[in-house]
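Residue-level listing of the chains:
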Amino acid sequence: MNLQHLLRRRHEDGRPVTVALIGAGKFGSMFLSQVPTIPGLEIAVIADLDTDRARQTCRNVGWDEARIGETRFVDSGVDACSAEGVEVVIEATGMPEAGVTHALACIAAGKHLVMVNVETDVLCGPLLARRAREAGVVYSMAYGDQPALVAEMVDWGRSAGFTIAAAGKGTKYLPAYHQVTPDDVWTHYGLSPEEAAAAGMNPQMFNSFLDGTKSAIEMAAIANACDLSVPDDGLTFPPCGVDDLAHILRPRDVGGQLDRDGMVEVVSSLERDGRPVYRDLRWGVYVVLKAPNDYAAACFKQYGLPTDATGRYASMYKPFHLIGLELSISVLNAALRGEATGVSETWRGDAVAIAKRELRVGEVLDGEGGYTVYGKAIPAARSFANGALPIGLAHRVTLTRPVSAGSPVTYADVAAPTGSRAYDLRREMEQAFVPESA
């Protein structure tokens, strides 16, 4: 816990940590709002397709005109990656193709990279991380988002000598949500389409959270960063409050609902009949620990951890995550310590495209949160063996074969995109990180 000590030294020496931000959306805006109150951290470049909107975003989050005038605004993320004087690049576009392009440009330019874009990380993060290491730069998950927060908890637990039984997050989930489209998403958020439009809310983006896609992506990212397993047939989203984490998220052979220790899972804040779960974890993250011996298990009870009936499994959780408001932790770790706040080390989990309805030949897939597919987390070995199409590539690709509702879309079902760096890098990663059981 010495980031402030290190940053203060840089600030006093007149060597601030300099950042380029690509994408001034919600995540980026929250980060920008914190910058004026972090001495020693400066934004050198902001890249956004609409530079006027990006400037207005800075005003909206409290920047004065002097700070805005000292910042360079560009409409090219690649230009931001190669900008002089930039130490750390933040990729916050949320688009896999853009994420790959920017990551490769950033690594080539010798800059540290904080990958807010989890969609890109799940698509080919292990290979990007390897290339970053070879180039001597940091490739990092974004602190404040669930994968990095969970990775921190897992690292803490293992470093303290515990087995990780389960790790993940909470969300609002019902099975019917997998078929929700942007046309009816707002009813599930308690908003009218007019209210959402007035607030500038993107229905497809919000639907990607509701239909299970974001959960699939985030759990695959955690599996890859923490060497954990994804349930064989996907996440089950058990209803579970914070008091029951250690009871439900333990192996079946001791009374829980997991296949084994070492799993990722998402807990629902809704019972299956729609009633709210008592003391839910909708906005938070958790880890379930397994004591290595009877003495440690007794200590769990003595120090008040919520445990299962055996006393051997205990849970810890954070009830909230603050996304962009916490992002500076990743930036400062990369610049000051040369460390990532979570990084994809291996390929254990994948997020693949599942048909929301009967899909016909000639239809064009529309990606996360759209009308055609949703993302499902499955083991990488199963994805590789079946040739499953990752959700990150299910954008603007045309079906060459019909796919039945609820079935996975495969590479063989679509026309391979031409000129896609994301597609090419993903296929390269599949060969470089063949899952052990494939």
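Residues numbered from 1 in each chain as written. Predicted model: local features only at pLDDT ≥ 70, side-chain atom pairs only at ≥ 80, totals over all residues. Heavy atoms only, no water.

### With respect to the packing of helix H6 (residues 96-108) against helix H17 (residues 421-432)
- Between H6 and H17, the shortest axis-to-axis distance is 8 Å and the interhelical angle comes to 75°. The angle between the axes of H6 and H17 places the two elements in the roughly perpendicular class. When H6 is examined against H17, the residues Pro96, Glu97, Val100, Thr101 and Leu104 are found in contact with a partner set consisting of Arg421, Ala422 and Leu425.
- Tallied by class, the residues present in the contact of H6 with H17 amount to five nonpolar, one polar and two charged. (Axes fitted to C-alpha atoms, helices over the stretch in contact; angles between N-to-C directions. Helix = DSSP H or I, 4+ residues; strand = E, 2+ residues; numbered from the N terminus. Parallel < 35°, antiparallel > 145°, perpendicular 65-115°, else oblique. Contact = heavy atoms within 4.5 Å. Nonpolar A, V, L, I, M, F, W, Y, C, P; charged D, E, K, R; others polar.)

### A few points about the pairing of strand S4 (residues 88-91)
- The alternating pattern of S4 places Val88 and Ile90 on one face and Val89 and Glu91 on the opposite face, and all of these are buried.
- The pairing of strand S1 (residues 17-22) with S4 spans four bridges and is parallel. Bridged to isoleucine 22 within S4 is glutamate 91.
- Note that S4 and strand S5 (residues 112-115) share four bridges and pair parallel. Along S5, the bridge assignment pairs valine 88 with histidine 112. (Buried < 20%, exposed > 50% of the residue type's maximum accessible area, 1.4 Å probe, protein only. Pairing = 2+ DSSP bridges.)

### Topic: the side chain of serine 344
- Looking at the element boundaries, serine 344 is found in the loop between helix H15 (328-337) and strand S11 (349-355).
- Classification of serine 344 by relative accessible area gives buried; the value is 0%.
- A polar atom in the side chain of serine 344 sits 2.8 Å from the side chain of aspartate 121.
- With near-sequence residues (within four places) excluded, serine 344 lies in contact with Asp121, Gly125, Pro126, Ala129, Met141, Asn224 and Ala225. (Polar contact = N/O pair within 3.5 Å; in protein donor to acceptor, adjacent residues only side chain to side chain.)

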